[in-house]
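What the coordinates show
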Amino acid sequence: MSQPTIDTNSYKQHPNDTGSADYQIACLSARILHLTQHLGGHKKDFSSRRGLLKLVALRRRHLDYLKNTAPERYQKIVKGLGLRR
């Protein structure tokens, strides 16, 4: 079974970017996708489920920040990652 992946490098503002909200949201989305697939086969892994919920909340905070500061970048990343916001 092949896993869908997210190209986080396409969301960098510059080559050494690790701190922009766009890149952090992309990285969080990749980790969320990986944990979601893991939990599909390990239904009783409650510590990973808790970590997943924390990552989702952190991504939501980053998205809220981006929506308030740069709406055009927010729309681009929501559309690019296929998020339901």
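Before reading on, note that the structure itself is shown above.
Residues numbered from 1 in each chain as written. Predicted model: local features only at pLDDT ≥ 70, side-chain atom pairs only at ≥ 80, totals over all residues. Heavy atoms only, no water.

**Focus: the packing of helix H1 (residues 21-41) against helix H3 (residues 71-81)**
Two elements in contact, H1 and H3, have axes whose closest approach is 11 Å; the angle formed by their N-to-C orientations is 20 degrees. As the angle between them shows, H1 and H3 are arranged roughly parallel. Pair H1 / H3 crosses with right-handed handedness. In contact with Ala21, Asp22, Ile25, Ala26 and Ser29 of H1, H3 contributes Arg73, Ile77 and Leu81. (Axes fitted to C-alpha atoms, helices over the stretch in contact; angles between N-to-C directions. Helix = DSSP H or I, 4+ residues; strand = E, 2+ residues; numbered from the N terminus. Parallel < 35°, antiparallel > 145°, perpendicular 65-115°, else oblique. Left-handed = near helix turned anticlockwise from the far one by under 90°. Contact = heavy atoms within 4.5 Å.)

**A word on the pattern of salt bridges**
Scanning the entire structure with this criterion turns up one salt bridge. The partner of arginine 73 in a salt bridge is aspartate 22, with the nearest N and O atoms 2.6 Å apart. You can see arginine 73 sitting in helix H3 and its partner aspartate 22 sitting in helix H1, a full 51 residues away along the chain. On the basis of relative accessibility, which here comes to 30%, the residue arginine 73 falls in the partly exposed class. Overall, the relative accessible area of 6% leaves aspartate 22 in the buried class. (Salt bridge = Lys/Arg side-chain N within 4 Å of Asp/Glu carboxyl O. Buried < 20%, exposed > 50% of the residue type's maximum accessible area, 1.4 Å probe, protein only.)

**Quick notes on the nonpolar core**
Within the largest apolar cluster, 12 residues are counted, these being Tyr11, Ala21, Ile25, Ala26, Leu63, Leu66, Ala70, Tyr74, Ile77, Val78, Leu81 and Leu83. Put simply, the parts of the chain that give this core at least two residues each are H1, helix H2 (46-69) and H3. Top contributing element to this core by residue count: H3, with four residues. Each residue touching alanine 21, except ones within four places of it in the same chain, is listed here: Tyr65, Leu66 and Arg73. In this structure, Ile32, Leu39, Leu52 and Leu55 belong to the second largest nonpolar core, which totals six residues. (Core = buried A, V, L, I, M, F, W, Y, C linked by side-chain atoms within 4.5 Å.)

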